[in-house]
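# Descriptive structure summary
Each chain, written out:
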Amino acid sequence: MALEQKVFGQHLATQVVLKALSAHSRDKQPRKPLVMSFHGWTGTGKTFVSKIIAQNLYQRHEARRRFVHQYDAVLHFPHAEHTKQYKEQLQKWIRGNVSVCPRSLFIFSEMDQMPHGLIDSIMPYLSHREPINGVYYGKAIFLFLNNAGGDKITEVALDHWRRQKGREEIPLMDLQSMLSAEIFNNRNSGFWKSKLIQKNLVDYFIPFLPLEYKHVKECVQEELRYQGHQEDEDLIIKIALAMSDYPSEDRIYSSKGCKTVASKVNLVT
């Protein structure tokens, strides 16, 4: 899997994801599904990493279409008053899809917009080793994509920078513990007071660090190559500098990550 080559500035995330996927795939009878929760500002690579995972699990487009299931909280669960109905639908979707393909991949995006309590409806499928009504869930993979926790991650990264420490020195364990507490106690999180957190059913809380100027440069270079343009160093520097805007006095990070790189390249090429 080409995570480390394709994903810029996310050494913590890529290391954990690769190890977790490798261990889960080697186990012929996992004791539970693999559950990972991605956290960070927009544009830091959460969706991109989930796509790479899907492409590596199922290299043929037809297989991805059948066995990779994506749920957008805003699109699929827009009305909090319908949470009871959504719970029934979600359970049915997961049960039906895993019964067809045990190694199904479920990706939940916009978790910050998830109605409170809804995600707890899938708790039985994340905790059982034994089959439930004849369906075994241990080989399935669940990914949760969150902006929640992004500000806390940035605070930690900025503190390291101000103490002249490299981002490579940021301790993963501290961030994971912080993220677990942050989303559990945050009313704007889909995991607010969630039983999935209480019961320790999320295997990995994965931080996506804010992207620095050098990482945005790499994104711009990659986008120029993708669009078939020559790599103009002056143009790369110009776009990366313009996107490095946080905090306002130091301009260390891009508050949008690499989210708008493609549109900015389109404007100037």
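Above this text is the structure in question.
A short tour of the structure in this document, coming up. On a predicted model such as this, the values are computed, not experimentally measured, just so you know. (Residues numbered from 1 in each chain as written. Predicted model: local features only at pLDDT ≥ 70, side-chain atom pairs only at ≥ 80, totals over all residues. Heavy atoms only, no water.)

## As for the sheet that holds strand S1 (residues 34-39)
The pairing of strands in a sheet comes from backbone hydrogen bonds and takes either a parallel or an antiparallel form. Strand order in the open sheet formed by 5 strands is S2-S3-S4-S1-S5, and the pairing between neighbours is parallel. Each of the sheet's edge strands pairs with one partner strand only, and the pair in question is strand S2 (68-72) and strand S5 (204-207). On average, each strand axis in the sheet is tilted by 15° relative to the strand beside it, whichever way the strands run. The strands that helix H3 (residues 46-57) touches are S1, S2, strand S3 (105-109) and strand S4 (141-146); relative to S4, the one it contacts most, it runs at about 165°. Packing against the sheet, helix H6 (residues 83-100) makes contact with S2, S3 and S4, and its axis sits at approximately 150° to S3. (Pairing = 2+ DSSP bridges. Helix = DSSP H or I, 4+ residues; strand = E, 2+ residues; numbered from the N terminus. Axes fitted to C-alpha atoms, helices over the stretch in contact; angles between N-to-C directions. Contact = heavy atoms within 4.5 Å.)

## Considerations on the packing of aromatic side chains
Within the structure shown, the criterion is met by 12 aromatic pairs. On the numbers, 5.1 Å between centres and 85° between planes, the contact of Trp41 with Tyr246 is edge-to-face. Linking Trp41 in the loop between S1 and H3 with Tyr246 in the loop between helix H12 (233-243) and helix H13 (261-268), this pair joins segments that are 205 residues apart in sequence. Note on Trp41: relative accessible area 13%, which makes it buried. Ring pairs connect the aromatic residues Tyr71, Phe77, Tyr86, Trp93, Phe106, Phe108, Phe142, Phe144 and Phe191, which therefore count as one cluster. (Phe/Tyr/Trp six-rings, centres within 6.5 Å; stacked < 30°, edge-to-face > 60°. Buried < 20%, exposed > 50% of the residue type's maximum accessible area, 1.4 Å probe, protein only.)

## Things to note about the environment of Gly117
Secondary-structure assignment places Gly117 in the loop between S3 and helix H7 (123-127). Since its relative accessible area comes to 24%, Gly117 is described here as partly exposed. In this structure the C-alpha to C-alpha distance between Gly117 and Phe191, which are 74 residues apart in sequence, comes to 7.7 Å.

## Some details on H12
Considered for burial, the residues of H12 that qualify are Leu235, Ile236, Ile239, Ala240 and Met243. The buried side chains of H12 occupy one side of the element, clustering within an arc of 125° when seen end-on. Facing away from the buried side of H12, by more than 90 degrees, are the exposed residues Asp234, Lys238 and Ala242. Close packing links the buried residues of H12 with helix H11 (213-226) and H13. For H12, the N-terminal cap is Asp232; the gap from its side-chain oxygen to the backbone nitrogen of Asp234 is 3.0 Å. (Arc of directions from axis to C-beta. Polar contact = N/O pair within 3.5 Å; in protein donor to acceptor, adjacent residues only side chain to side chain.)

## As for the layout of surface pockets
In this structure, the largest pocket encloses a volume near 1000 Å³. Lining the largest pocket are 29 residues; nearest its centre among them are Gly43, Gly45, Thr47, Phe48 and Cys258. Contributions of two or more residues to the lining of the largest pocket are made by H3, S4, H11 and H13. Ranked by the residues each element gives to the lining of the largest pocket, the list is headed by H3, at 5 residues. Classifying every residue of the lining of the largest pocket by side-chain character gives 11 nonpolar, 9 polar and 9 charged. (1 Å grid on protein atoms, 1.4 Å probe; cavity = no way out; pocket = protein on both sides within 12 Å on 5 of 7 lines; lining within 4 Å. Points joined across faces, edges and corners; volume = space filled by probe spheres on them. Nonpolar A, V, L, I, M, F, W, Y, C, P; charged D, E, K, R; others polar.)

Read these as geometric descriptors, not functional statements.
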